[in-house]
Every structure is written in C-alpha cells, then in structure tokens.
Amino acid sequence: IGITSLLANGVYTSAYPLHDGDIDGVTAEPNDRKLLFEEWASYSVFYKYQPIGLIRKYFGEKVGLYFAWLGVYTQMLIPAAIVGVIVFLYGCATVDDNIPSMEICDPRNNITMCPLCDSACSYWKLETACGTARASHLFDNPATVFFSIFMALWAVLFMEHWKRRQMRLNYVWDLTDYGMEEEDHNRAEYELRVAEKTMRQDQGAAKVGLRLEMVISDDSWLSLVCLPPSFQIFITFVITFGVILYRISIKTALHLSTYPAARSNIRATVKTTAAIINVIVIIILDEIYASIARWLTTLEVPKTDKSFEERLIFKTFILKFVNAFTPIVYLAFFRGRLVGRPGKYLYVVGSYRMEECAHAGCLMELCIQLCITMLGKQLIQNNLFEIGIPKLKKLLRKRKSELTSKQEEELHKTLKRYEKDHVLGPFVGINPEYMEMIIQFGMVTLFVASFPLAPLFALLNNIIEIRLDAKKFVLELRRPIAAKVKDIGIWYNLLRGLSKVAVIVNAFVIAFTSDFVPRLVYQYTYSPDGTMHGFVNHTLSYFNVSDFQNGTEPNPPNFNVKVCRYKDYREPPWSNTPYELSKEFWAILAVRLAFVIVFQNVVMLMSDFVDWLIPDIPKDISFQIHKEKLLMLDHFMKEEGRRRDNHNHDGYTSPSSGSASPHSRPTFHARAGW
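Residues numbered from 1 in each chain as written. Predicted model: local features only at pLDDT ≥ 70, side-chain atom pairs only at ≥ 80, totals over all residues. Heavy atoms only, no water.

1. Quick word on the overall build of the chain
Phase 1: Regarding its fold elements, the chain presents 22 helices and eight strands.
Phase 2: Nonlocal contacts in the chain, meaning residues at least 24 apart in sequence, comprise 78% of its contacts between residues at least 6 apart.
Phase 3: As presented, the chain carries roughly 35,800 Å² of accessible surface, and 62% of it is formed by carbon and sulfur atoms. (Helix = DSSP H or I, 4+ residues; strand = E, 2+ residues; numbered from the N terminus. Contact = heavy atoms within 4.5 Å. Areas by Shrake-Rupley, 256 points an atom, 1.4 Å probe, with all protein chains shown as cover.)

2. Some points on the nonpolar core
Phase 1: Core analysis: the largest hydrophobic core is formed by 108 residues, its most contacted members being Trp69, Tyr73 and Phe447.
Phase 2: Per element, the largest residue contribution to this core is 16 residues, and it comes from helix 4 (residues 61-94).
Phase 3: In this structure Tyr73 touches Trp154, Phe158, Met437, Gln440, Phe441, Val444, Ala458 and Asn462, once residues within four positions along its chain are discounted.
Phase 4: Counting ten residues, the second-largest nonpolar core is a separate cluster that includes Ile104, Trp124, Leu126 and Val536. (Core = buried A, V, L, I, M, F, W, Y, C linked by side-chain atoms within 4.5 Å. Buried < 20%, exposed > 50% of the residue type's maximum accessible area, 1.4 Å probe, protein only.)

3. Some thoughts on the packing of helix 3 (residues 52-59) against helix 4
Phase 1: Closest axis-to-axis distance for the helix 3/helix 4 pair is 7 Å, and the angle between their directions is 150 degrees. For the element pair helix 3 / helix 4, the angle class is roughly antiparallel. Seen along the crossing, helix 3 lies across helix 4 with a hand that is right-handed. Every residue of helix 4 that contacts helix 3 at Ile52, Ile55, Arg56 and Phe59 is listed here: Glu61, Val63, Gly64, Phe67 and Ala68.
Phase 2: Looking at the contact of helix 3 with helix 4 residue by residue, the class counts come to six nonpolar, one polar and two charged. (Axes fitted to C-alpha atoms, helices over the stretch in contact; angles between N-to-C directions. Parallel < 35°, antiparallel > 145°, perpendicular 65-115°, else oblique. Left-handed = near helix turned anticlockwise from the far one by under 90°. Nonpolar A, V, L, I, M, F, W, Y, C, P; charged D, E, K, R; others polar.)

4. A look at the state of the cysteines
Phase 1: Across all of its chains, the model carries three disulfides by this definition.
Phase 2: The residue that forms a disulfide with Cys114 is Cys564, at a sulfur-sulfur distance of 1.9 Å. Negative torsions about the S-S bond denote left-handed disulfides, and the value of about 85 degrees found for Cys114 with Cys564 makes this one right-handed. Residue Cys114 is located in the loop between strand 1 (112-113) and strand 2 (124-125), and its partner Cys564 is located in strand 8 (residues 563-567); the two are separated by 450 residues in the primary sequence.
Phase 3: The class of Cys114 is buried, set by a relative accessible area of 4%.
Phase 4: A residue is classified by how much of its surface remains accessible, and Cys564, at 0% relative accessible area, is buried.
Phase 5: Between Cys117 and Cys121 runs a disulfide, and the two sulfur atoms are separated by 1.6 Å. With the S-S bond torsion at 95 degrees, the cross-link from Cys117 to Cys121 turns out right-handed.
Phase 6: Owing to a relative accessible area of 6%, Cys117 belongs among the buried residues under this scheme.
Phase 7: In this model Cys367 remains outside any disulfide bridge; the closest cysteine sulfur is found in Cys371, 6.3 Å from its own.
Phase 8: With a relative accessible area of 4%, Cys367 lands in the buried category. (Disulfide = S-S within 2.5 Å.)

5. What to know about a nonpolar patch on the surface
Phase 1: Judged by side-chain polarity, Ile3, Leu6, Leu7, Val11 and Tyr12 come together as a nonpolar surface patch covering roughly 420 Å² of accessible area.
Phase 2: As for its placement among the helices and strands, Tyr12 is situated in the loop between helix 1 (3-8) and helix 2 (32-39).
Phase 3: Overall, Tyr12 belongs to the partly exposed group, its relative accessible area being 45%. (Patch = residues over 30% accessible without salt bridge, like charges linked within 9 Å, V, L, I, M, F, W, Y side chains within 5 Å. Salt bridge = Lys/Arg side-chain N within 4 Å of Asp/Glu carboxyl O.)

6. What to know about the environment of Thr176
Phase 1: With respect to the helices and strands, Thr176 occurs in the loop between helix 7 (142-172) and helix 8 (188-202).
Phase 2: In this structure, the C-alpha to C-alpha distance between Thr176 and Ile625, residues 449 residues apart in sequence, is 8.7 Å.

7. Let's talk about the pattern of salt bridges
Phase 1: If you walk through the whole model with that rule in mind, you get 29 salt bridges.
Phase 2: Where Arg335 meets Glu365, a salt bridge forms, and the shortest distance between an N and an O atom there is 1.8 Å. Of this pair, Arg335 sits in the loop between helix 12 (305-334) and strand 3 (340-341) while Glu365 sits in helix 13 (residues 363-400), placing them 30 residues apart in sequence. The two residues Arg335 and Glu365 agree in class, both being buried.
Phase 3: One connected set of salt bridges, linked through shared partners, spans Glu160, Lys163, Arg496, Asp611 and Asp616.

8. Here's the deal with the environment of Lys306
Phase 1: With respect to the helices, strands and loops of the structure, Lys306 is situated in helix 12.
Phase 2: Among the residues examined, Lys306 registers a relative accessible area of 35% and is labelled partly exposed.
Phase 3: Distance from Lys306 to Ile490, taken between C-alpha atoms, is 10.0 Å for residues 184 residues apart in sequence.

9. Some details on helix 7
Phase 1: Between its terminal C-alpha atoms helix 7 stretches 45 Å, which fits the 45 Å expected from 31 residues at 1.5 Å a residue.
Phase 2: Asp174 occupies a position one or two residues after helix 7 and carries a positive phi of about 60 degrees. (Expected span 1.5 Å × (residues − 1).)

10. Some thoughts on the side chain of Asn31
Phase 1: Mapped onto the fold, Asn31 is located in the loop between helix 1 and helix 2.
Phase 2: Judged by relative accessible area, which is 16%, Asn31 ranks as buried.
Phase 3: In this structure the side chain of Asn31 is engaged in a polar contact, spanning 3.0 Å, whose partner is the backbone nitrogen of Arg33.
Phase 4: The contact partners of Asn31, leaving out residues within four places of it in the chain, are Asp20, Gly21 and Asp22. (Polar contact = N/O pair within 3.5 Å; in protein donor to acceptor, adjacent residues only side chain to side chain.)

11. Remarks on the packing of helix 18 (residues 490-513) against helix 21 (residues 583-613)
Phase 1: At a closest axis distance of 9 Å, the pairing of helix 18 and helix 21 adopts a crossing angle of 150 degrees. Considering the angle they form, helix 18 stands roughly antiparallel to helix 21. Seen along the crossing, helix 18 lies across helix 21 with a hand that is right-handed. Mapping the contact onto sequence places Arg496, Lys500, Val503, Ile504, Ala507, Phe508, Ile510, Ala511 and Phe512 in helix 18 and Leu589, Arg592, Leu593, Phe595, Val596, Phe599, Gln600, Val603, Met604, Asp608 and Asp611 in helix 21.
Phase 2: A class-by-class count of the residues in the contact of helix 18 with helix 21 yields 14 nonpolar, one polar and five charged.

12. Some details on the environment of Leu589
Phase 1: Among the structural elements, Leu589 can be located in helix 21.
Phase 2: Classification of Leu589 by relative accessible area gives partly exposed; the value is 24%.
Phase 3: The spacing of Leu589 and Pro518 is 71 residues in sequence and 9.0 Å in space, taken between C-alpha atoms.

13. Considering the confidence of the model for the chain
Phase 1: Here the chain averages 82 in pLDDT, while 86% of its residues score no lower than 70.
Phase 2: For the chain, the element scoring lowest by mean pLDDT is helix 10 (residues 260-264), at 65; helix 4 scores highest, at 94.
Phase 3: Per-residue pLDDT stays below 50 along residues 206-225; that stretch engages in 29 contacts with residues further than four places along the chain or on separate chains.
Phase 4: The low-confidence segment residues 654-674 (pLDDT under 50) makes 21 contacts with residues lying over four places distant or belonging to another chain. (pLDDT = per-residue confidence, 0-100.)

14. Some details on the packing of aromatic side chains
Phase 1: Under the criterion given, the structure shown has 37 aromatic pairs.
Phase 2: Considering the side-chain rings of Phe67 and Phe473, the 5.5 Å spacing of their centres and the 80 degrees angle between planes classify their relative orientation as edge-to-face. Remark: Phe473 occurs in helix 17 (residues 454-476) and Phe67 occurs in helix 4; sequence separation between them is 406 residues.
Phase 3: For the ring pair Phe325 and Phe447, a centre distance of 6.3 Å and an interplane angle of 20 degrees mean the geometry is stacked. Taken together, the residues Phe325 in helix 12 and Phe447 in the loop between helix 16 (431-446) and helix 17 connect sequence positions 122 residues apart.
Phase 4: A cation over an aromatic ring shows up here: Arg479 above the ring of Tyr58, its NZ or CZ 3.8 Å from the ring centre.
Phase 5: Directly above the ring of Tyr542 sits Arg565, whose terminal nitrogen or CZ lies 3.8 Å from the centroid. (Phe/Tyr/Trp six-rings, centres within 6.5 Å; stacked < 30°, edge-to-face > 60°. Lys NZ or Arg CZ within 6 Å of the ring centre and 35° of its normal.)

Structure, rendered in structure tokens:
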C-alpha cells in the first residue's frame, strides 16, 4: 500500500526526506543542517544548551522531544552526582574511624576462619580481608541510607520537572490540542492480513461494507508469540548460573595453583573476570533480544503504528532489563544466602559448593559488578559501537572503491543531494536511543545504595552521548520523516515504574545486603558499652573442625586448629542445639523486615507528597492557555452574534437569500507565539 508496497517490491530502493545541504566546504551555503553541526553536533559546545527549537524544526517533534528529555535528564543528574560524590568522600574520610574494619585488620584478634572451599582451601586469618573490609566501608556506611532516600525523591523531582518542561514545549510547539488519534491509522501489514483472511473466509463471495476488526485468537499463534520471551528469560538465568559455576570452579583452581601470583589475590581476580564475562554476555544478548522482540511483534500484526511501537518497546525493555539486571540481582539478594554452614554446605551440579560473600558482605562485589556493567555498556555498547561501526563501514566502502581520495572528492561534488544522502545510514527510529537511557536510569536508581558514584558515571556518559547522538543524526544518518507527537509515550510509564521499584529494591539492599541493620541492632541491643566494639566477633559463629564431612576437610589438615569461625548467627557446637539459628538471627531478621516496611512507606509517602506539591503545568503556561481559550470563546461569540445580525438583516431585505451555510463559519486556530 503506497510507498511501503513500492519499497517492498523493489520499485524504489529507499525513500527519505533530503538534508538541507552540505556542512563543510567553502562553497557550502548557510543552512539549518550546517547550523546544527556548528551549534549542537560538536564536542566543543558540550557546555551549551541544546537548540531544541531548531532540532524540532529540522527533525520533527518526536526527535526534538527525545533530545529535550535527554537534556533534562542530564541536567538533573548534576545534583545527584554531586551528592553521590559527597557520600563517597564521607566513606573515604571515615574509613580510618570505622571500628568493624579496624577489628578485622587488627592482627591481635588472631581469628581463624573456616575454609572457603572443600579440600583445596585451607584455614585463613580474618586480617587478610582487611583491604576488602576497608573498601566496603566506602559504599556501606550510614550516608548510603540518606543517599537512597535522596535518590528516591530525586527520581520524583526529575519526573515532575520533565512533565513541566514537556508541557511548556507543547505550548510553544502548538501541541496542546493535538491528539494521537488524529493520525493513528491502520498499518499496511494489518490491512493486508485483514484482506487475506477476509478472502479466505468469504471464498470469493462479495460482501459490501464488510469491515473486520480482527483479533488473532488461535491458541497456537498466541503460544508462538508468548513462549519465546519466556524462553529468552530462561536462557538469561542459565547463563547467569553458568557464570556462578565459573566463579566457583576458578576460585578452586586458583587455590590449587602452585604460582604465588595466582594465589595472592584470588577474590579480586574472580570478581573482576566474572563481571567482565557478564558484561560481554549482556552486550551480545542485547543485540539478539532486540531482533527477536521485533520479530515477535511483527508476528502479532498490531493494528496501528502506535500499538506496534508500544508492544515492541515493552518486549525489548523486559528482555533487556532482565538481561542486564539478573547478575546484579543475584549478587544483591541470593549470593551468600544459599550456602549452608561448615559441615553441611549446599552443593549444586554435584560437587560445586555455593559461593559465600566476603566477611564484609556482598556489597563490594555488587558495587564492582555495577561499575563494570555501567562502564562496559556505556563505553562499548553505547559509544564504541555508535562511533566504531559507522567508521568501519565507511572504511570498507573506501577499500571497495577503486577511486582515489581526490577522485572521490570530485565525484562527491557532482552528486545530487538525494545521491549524497543515499550513502548515509538509514534512520531506524528513536527507540534504541531511549532504551539505552532507560536501562541507564535503572542502573542509577535501582541499586544506588550500593554504588553512589553511579549518577556521576551516568552524567559523564550523557554529556558525550548528547553530542554523539547529535553528530550521528546530522552527519551519518538520513533525515528522518518528521513525526508529530506531544509526549514521550510509553517511556514515561516505564520511568515512573522504575522509580517506584527503586524504592523497594534499595530498601532490601540496605536491609539485607549491607550490614547497616546488624550494626544498628548490635549497637543498641547487644553492645555492652553502646559502641561498635566487639561487632565482628558478634557476627562470627563457631565450628568444631571435627564435624567436617568426610572429604571436605582441608588437605593437608592443620592439627593445630580445633575451632574455626564463619559468618553467621548460629549456636556454638557446645550448646544444647549446636549449629541451629540463634535468637540473634531472628531478632536481626525482624528488624530487617521492619526496616523495609518503614523505609518503603516513608519514602513513598514523601515521594507522593512531592508529586502532589508540584503542579504538572507551569503557572504561566496555565494562565496563557486559559487566556487563549477565553479569547477563542469571545471570538466565536462575536462571530455568532455577527452571523445572527446578518441573518436578521437578510430576512427583512432578501428572504430568498437564505441563511448562511453552516460550513461557512470561519475557523480560528489559537497558535502560541515563539
């Protein structure tokens, strides 16, 4: 149907609006494209505001709203990044005064810990975890609770700020009365499927006025559409489990190694390599899942373009979100909790013993995973791919060409505008750009309690991302067909949902992943002097080495060790109920659950109050819209009065002339000034 049919049948190779003109060269005339390149698509102007009006004029409202949203998001990251850096610096300033880490680093305590793996690992001294304990305090300190509350309110303020900014742009761009239903026509593919099914049902019988509103209800079709996403999520879980097995096996292999360098820093090696593997897998699966989501949405044959886009966005978001956050969720909430205890460990796939957290907790490993995932996705997937792949394609085209550089320049001068634009890459839509930022928004808000530097990394990336996307739109892509929209659509709902989930996730991270609650309970309940002295000893349980299962004791055995310690709240071996969970465990669990409930409700209440306090429409815009409606009403009243006067006058002078046609009423469009 239309140009879609002509393109599909090969009548035309492509169809696109033309760029205004060239941007370089002495003979290049001034045009909007050149102005955008100089004032927007250059890294030297990173500190300037974006020319949103010119972007909208050149690319249309849809692209203009994306860059306006990205500018607001980047601007709002500045205070979040500053507060995050202050929280991190607070951790750096107080690390030497942190009593738990001082107790871990004190060799006079002489605490012997139980082996970290079966047979190959030996007993170890707690003081060897000194570096990890000190580093964990940088991210696991009382300031992180404040920062989590701050970021929850920040997300609400960001959403409110964007709603007000969007309303202002709607007014300036004359979109306040625009509705998507005005141009929400049926898709060509949908019309074709309707026609095909109608022909099959009618078997050639002509039925005048038949109009099918089709819903594909075949059970096999629905299963074809619904099963693949579930299978892809299952694949993500399987790969995450594979990385867990890699961590367990490589840790045992390093303990067995005879090289001192391999045995010197086993934890750091395992953490870093596993995080890098996770990032590589995430990047590969992201590309695969994007193609599968589009294929599935095409199979569904949505009725309208809006429905197609929303379904595609939702599927892609679910798959990419699960892909990116599954390893992080495992580290935050599952690692170290499905371990068991010495003498009765939990094993998977035969003899693989589930991995434990470091004594200072899993928060440090969670921080490393978040850091590498953010940097990897932003540097490799978002920036390197966007810069490297177009450059590589351009280089390959030059190598295939038999012309020299001078000959190519001369040929380029003789080409017409549509021929020059045909060499550029096709515009595939704005959704991939949104998806990058939405996943980043999740990284910034969901686990910010464990990584307060996430807003800073996001800010630095977005400063580059704005100019990188601008350069891509102006130089490397064909000009998109201008699309008229009044908001960012389903992306706003996804952002709002993430901001709500972030409150719950951060509550669980503080309560269950960090040591904030155990420290609080110890200081106000079990500490003899109301300080943190003795906290480390309080968190360690005793194990009699004679209770090891056969084949799991260290080899060769150390006969000098009779009792080793492990991190858990369990009864000692000499009690009436040896190795059972102690009353301290249940007391801390109760406080943790209470903290989650209180934190969640308080922060949600504060967020809703901020949402209620800030109006969605700026006061001056609301006043102008109200004023224009009054002017419009006044205009119509005057026109109606004038029409009635003319009708009465004509009734006395010329009855045959009749009344004025109802279609002759002049129309009035209130247009906002620039």
